[in-house]
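# Notes for the structure review
Listed below are the residues making up each chain.
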Amino acid sequence: MQQREPEASIKKAQAHTLATFAFDDVDDFAAVDRGFIGTLDDPKIRNEAGEVVWDASTYDFIQGDAPDSVNPSLWRQSKLVAKHGLFEVVEGLYQVRGLDLSVMSIIEGDTGIIVVDQLISTETAVAAVGLYRTHRGDRPIRAVIHTHSHIDHFGGVLGIVTPEQVDAGDVQIIVPEGFLEHAVAENVYAGTAMGRRAGYMYGAALARGPQGAVGAGLGQTTSTGDATILPPTLEVTTTGEKHTIDGVEFEFQMAPGTEAPSEMHFYIPRYRALCMAENATHTLHNLLTLRGALVRDPHVWSHYLTEAIERFGGEAEVVFTSHHWPTWGNAEINKFLRIQRDLYGYLHDQTLRLLNQGYTGDEIAEKIELPPALVASWSTHGYYGSVSHNVKAIYQRYMGWFDGNPARLWPHPPQPQAERYVAAIGGIDRVVELAQAAFDEGDYRWAATLLDHAVFTDENHSAARALYADTLEQLAYGSENGTWRNFFLSGATELREGNFGTPTVTNAPLIVAQLTPEQLFDAVAIQVNGPKAWDLSLAFDVTLTDLGRSFHVSLGNGVLVYVEREPDAATPLALTLSKARLIRLAGGDTDSDGIEVRGDITVLKQLLEVLDPGDPNFNIVTP
């Protein structure tokens, strides 16, 4: 793939960034290095088949001054985040950083250790705990804590503890209220689409290098090993709740509906250490992640940061989180938390102020400016979230997709709209000509808009595709935001080389196994091809032997409905099976043993014939 060098306008913008911000401030670099003990001898982490699931060495190129192809601020952040190894936070509290997207924290108790957030994959979790034990001894794990319900904070758990240890009471699994439901539900409804877009967001198909992927701002990227889950043994439900774990007292603060729907903070008096989960990191976080999700609530987020300051701000001497490096010293902690609190509060309040004056989300995103005191803090920069897409998310949360202008109430979809724009402008060659002029002037946003219409009119127009890829590449070079950079470069890659699909699909059968029967039926319902099922009417009963529960399932008007009730002899088909066998059946396994059938099996076959699973290879930058 032939990549284009940065244009003069990009080089000028990078120089402006260097002149604008305090790049001589090296406090974060001192904090990142503080307490460093050692790292892996081999930075490549492999699965049992010998396949590499994480390779920290692929970011070794991030050294020295930023090249013209990377925003200097993002380069600075990537240098900080790429640092990997075991670190002492305070005596008795350690972190393993840079071995996955997230950070593992290890708290020493009276007889063993408590492991906080077990990364994405069992393989990286094993490596992280192994690194700790190499330097601190083979201490047994007494508990694991999942700070919240995202996979990079629990997926590796089965690499370091066993179900037998949990069942015997040797290891506790401690989670915030609602954890299990939210942990397994996120991918039930839009998982295929989220996975495809996550490939763009984390640059899964991109080469790593100065003109490729340099990191995602929150962490470098995601590991690709086996993700697992274990049911909790202790669910924390109340702010102020205290538990003693292996002799160490923890005081918990609930923070639901912030960065994750199920999330909590905790304070450890023994170490005067406050864990803020993922709600106070060294970047502006996402209110709406680019891979797709429900919009998060910045007002609640800000409130819980205020509550944390009030409850723990007088005592804490170190703050550590699920990503990035700690903050030490009581005064610095309070300053950091207040800046983070004010960041989310300001975006929320000012977006509401401006939308109530009639501005749309797009207009507010261009208009809003952060206060100088917030801009001066590196921790507010948009390396993962951004002011632009977070403001649009807040608008969406309160006002929805429609901006109130009736001309935008019922527009044509992208492809027919593109065809009409191209015709109105004078044909596709004229559109490319205008896009080239915009490109030459450094107006890459306008060039991308024009070329989007051109490619959606004729996806095989070679000049349009080539210039579109060049344009996205320049936008990537200038982006401070790591995920924006990855999106732009991924689009450029697909325009040049073709659709790369969903490069990394997490292998997570144990997470799927935690789905409730209701979630399983929902997962089937959203695969029903409505038009194919319009005239189909069917019903059957399902009895789950291991759960002692029964459901009546029916399909009519293209809608699958389920009700929990006892089987009815008049129902045409009854299936008796375990939940595990139901999961395999929902995945298309109709041939294996384990199903007791009474009645007409063609009812099930009729349902299976109208299922239309998601497409992990759907197009994004082409129609």
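Computed from a predicted model, the values in this text were never measured in an experiment. (Residues numbered from 1 in each chain as written. Predicted model: local features only at pLDDT ≥ 70, side-chain atom pairs only at ≥ 80, totals over all residues. Heavy atoms only, no water.)

### Side note on the packing of aromatic side chains
To be explicit about the condition: The aromatic pairing rule takes the rings of Phe, Tyr and Trp, using the six-membered ring of Trp, and pairs them if the centres are within 6.5 Å, calling planes under 30 degrees apart stacked, those over 60 edge-to-face and the rest tilted. Runs of H or I in DSSP of at least four residues are treated as helices and runs of E of at least two as strands, each being numbered from the N terminus. The classification of residues rests on relative accessible area computed with a 1.4 Å probe and restricted to protein chains. Under 20% of the type maximum is buried, over 50% is exposed, and intermediate values are partly exposed.
Summed over all chains, the structure comprises 19 aromatic pairs. Ring plane angle 45° and centroid distance 5.6 Å describe the contact between Y200 and F500, whose orientation is recorded as tilted. With Y200 in helix α6 (residues 179–201) and F500 in the loop between α16 (482–497) and α17 (509–512), the pair connects residues that are 300 residues apart, well separated along the chain. The burial state of Y200 is the same as that of F500; both residues are buried. What links up through ring pairs into an aromatic cluster is the set F250, F252, F266 and F320.

### Observations concerning the sheet that holds strand β7 (residues 113–116)
Selection criterion: For two strands to pair, DSSP has to find at least two bridges joining them. For every element, the axis is a line fit to its C-alpha atoms; helices are fit only across the contacting stretch, and the angle between N-to-C directions ranges from 0 to 180 degrees.
Here we have 8 strands laid out as an open sheet, ordered β1-β4-β5-β6-β7-β8-β9-β10, and mixed in their pairing. Unpaired on one side and paired on the other, β1 (36–38) and β10 (234–236) mark the two borders of the sheet. Between one strand axis and the next, the sheet turns by 25° as a mean value, whatever way the strands run. As defined by bridge partners, strand β8 (residues 141–145) adjoins strand β9 (residues 172–176) across 3 bridges and the pair is classed as parallel.

### Description of a nonpolar patch on the surface
Quick reminder of the rule: Here the term patch refers to residues with relative accessible area over 30% and no salt bridge, with like charges joined within 9 Å and nonpolar side chains (Val, Leu, Ile, Met, Phe, Trp, Tyr) within 5 Å. For the accessible areas, the method is Shrake-Rupley and the probe is 1.4 Å, while residue cover comes only from the protein chains on display. Salt bridges are defined by distance alone: a side-chain nitrogen of Lys or Arg within 4 Å of a carboxyl oxygen of Asp or Glu.
Judged by side-chain polarity, W401, L409 and W410 come together as a nonpolar surface patch covering roughly 510 Å² of accessible area. Assignment of secondary structure puts W401 in the loop between α11 (387–399) and α12 (414–425). Overall, W401 belongs to the exposed group, its relative accessible area being 66%.

### Side note on helix α4 (residues 122–136)
The line we're drawing: Expected helix span is computed as 1.5 Å times (number of residues minus one).
In a regular helix each residue adds 1.5 Å, so 15 residues correspond to 21 Å; α4 covers 21 Å between its end C-alpha atoms and thus fits that length. At the exit of α4 stands G137, carrying a positive phi of roughly 100°.

### Remarks on the sheet that holds strand β14 (residues 273–275)
This is how the line gets drawn: In this analysis, two residues are considered to be in contact whenever any of their non-hydrogen atoms come within 4.5 Å of each other.
With respect to topology, 6 strands assemble into an open sheet ordered β11-β12-β13-β14-β15-β16, the strand pairing being mixed. Edge strands, defined here as strands with exactly one partner in the open sheet, are β11 (242–245) and β16 (327–328). Pairing between β14 and strand β15 (residues 318–320): 3 bridges, direction parallel. What sits directly across from L274, in β15, is V319. Of the strands in this sheet, β12 (248–254), β13 (264–268) and β14 are in contact with helix α7 (residues 298–312), which crosses β12 at around 145°.

### Things to note about empty space enclosed by the protein
We count it as follows: In this analysis the probe radius is 1.4 Å and the grid spacing 1 Å, with only protein atoms considered; a cavity is a set of points the probe fits into but cannot get out of, a pocket is an open set with protein on both sides within 12 Å along at least five of seven lines, and lining residues have an atom within 4 Å of a point. Grid points are joined across faces, edges and corners, and a volume is the space filled by probe spheres set on the points. Ten residues, namely Ala, Val, Leu, Ile, Met, Phe, Trp, Tyr, Cys and Pro, are considered nonpolar, four, namely Asp, Glu, Lys and Arg, are considered charged, and the remaining ones, Gly among them, are considered polar.
Under the criterion given, the structure shown has 3 cavities of 30 Å³ or more. The space that makes up the largest cavity amounts to roughly 150 Å³. Along its surface, the largest cavity is lined by 14 residues, and V524, F540, L582, L585 and L607 are the ones closest to its centre. At the level of elements, α18 (517–525), α20 (579–586) and α21 (602–609) are the ones that each hand at least two residues to the lining of the largest cavity. Broken down by class, the residue content of the lining of the largest cavity amounts to 14 nonpolar, no polar and no charged. For the second largest cavity, the lining is made up of 14 residues, of which V81, R97, G98, V103 and H324 are closest to its centre.

### Examining the packing of helix α13 (residues 428–440) against helix α14 (residues 444–457)
Convention followed: Note on angle classes: values under 35 degrees are labelled roughly parallel, values over 145 roughly antiparallel, values of 65 to 115 roughly perpendicular, and the remainder oblique. For a crossing to be left-handed, the near helix must be turned anticlockwise from the far one by less than a right angle; the clockwise case is right-handed.
Closest axis-to-axis distance for the α13/α14 pair is 8 Å, and the angle between their directions is 165°. Relative to α14, α13 is oriented roughly antiparallel. Crossing angle aside, the handedness with which α13 passes α14 is left-handed. The segment α13 lies against α14, with I428, V431, V432, L434, A435, A438 and F439 engaging Y444, W446, A447, L450, L451 and A454. Here the residues of the contact of α13 with α14 sort into 13 nonpolar, no polar and no charged.

### Structural notes on α13
Put simply, the rule reads: Each direction from the helix axis to a C-beta atom contributes to the arc, which is the arc of those directions.
The terminal C-alpha atoms of α13 lie 18 Å apart, and with 13 residues this matches the ideal 18 Å at 1.5 Å per residue to within 8%. When we look at burial in α13, the residues that qualify are I428, V431, V432, A435, A438 and F439. An end-on view of α13 places all buried positions within 115° of arc, on one side of the element. Residues D429 and D440 are exposed on α13 and point more than 90 degrees away from its buried face. Those residues of α13 that are buried are in contact with α12, α14 and α15 (462–478).

### With respect to unusual backbone geometry
The phi dihedral of L119 falls on the positive side, at around 65°, and the residue is not glycine. Here L119 is to be found in the loop between β7 and α4. Phi at D246 takes a positive value of approximately 50°, unusual for a residue other than glycine. Within the secondary structure, D246 is located in the loop between β11 and β12.

### Quick look at the pairing of strand β20 (residues 573–577)
Most of β20 is tucked away: 4 of the 5 residues are buried. In this sheet, β20 lies alongside strand β17 (residues 538–544) in parallel orientation, the contact comprising 4 bridges. Bridging across to β20, L544 finds its partner in L577.

### Quick notes on the environment of V561
Note on placement: V561 falls in strand β19 (residues 559–564). Non-local contacts of V561, meaning those with residues more than four positions away in its chain, are made with H552, V553 and S554.

### Quick notes on the packing of α7 against helix α8 (residues 330–355)
Relative to each other, α7 and α8 sit at 160°, their axes nearing to 8 Å. Considering their axes alone, α7 and α8 lie roughly antiparallel with respect to each other. Here the hand of the crossing between α7 and α8 comes out left-handed. Along its contact with α7, which presents P298, H299, W301, S302, L305, T306 and I309, the element α8 presents N334, L337, R338, Q340, R341, Y344, G345 and H348. Looking at the contact of α7 with α8 residue by residue, the classes come out as 6 nonpolar, 7 polar and 2 charged.

### What about the side chain of T221?
Just so we agree on the cut-off: Here a polar contact is recorded for every N or O atom pair within 3.5 Å, except that within protein the pair must consist of a potential hydrogen donor and a potential acceptor, and residues adjacent in sequence are included only if both atoms are side-chain atoms.
For T221, the location among the structural elements is in the loop between α6 and β10. For T221, the side chain forms a polar contact with the main-chain oxygen of Y202, separated by 3.3 Å. Discounting chain neighbours no more than four positions away, the residues touching T221 are W54, Y59, D100, L101, Y202 and R208.

### Some details on the pairing of β9
Operational definition: For the handedness criterion, the strands are oriented away from the viewer, and a crossover whose path from the first strand over the helix to the second runs clockwise is classed as right-handed.
The buried fraction of β9 is high, at 4 of 5 residues. Across 3 bridges, the pairing between β9 and β10 is parallel. In the sheet register, V175 faces β10, and the bridge partner there is E235. In this fold, the crossover linking β9 to β10 by way of α6 has right-handed handedness.

### Side note on the pattern of salt bridges
All chains considered together, the criterion is met by 24 salt bridges. Each member of the salt-bridge network shares a partner with another, and the members are R4, E7, D470, E473 and R496.

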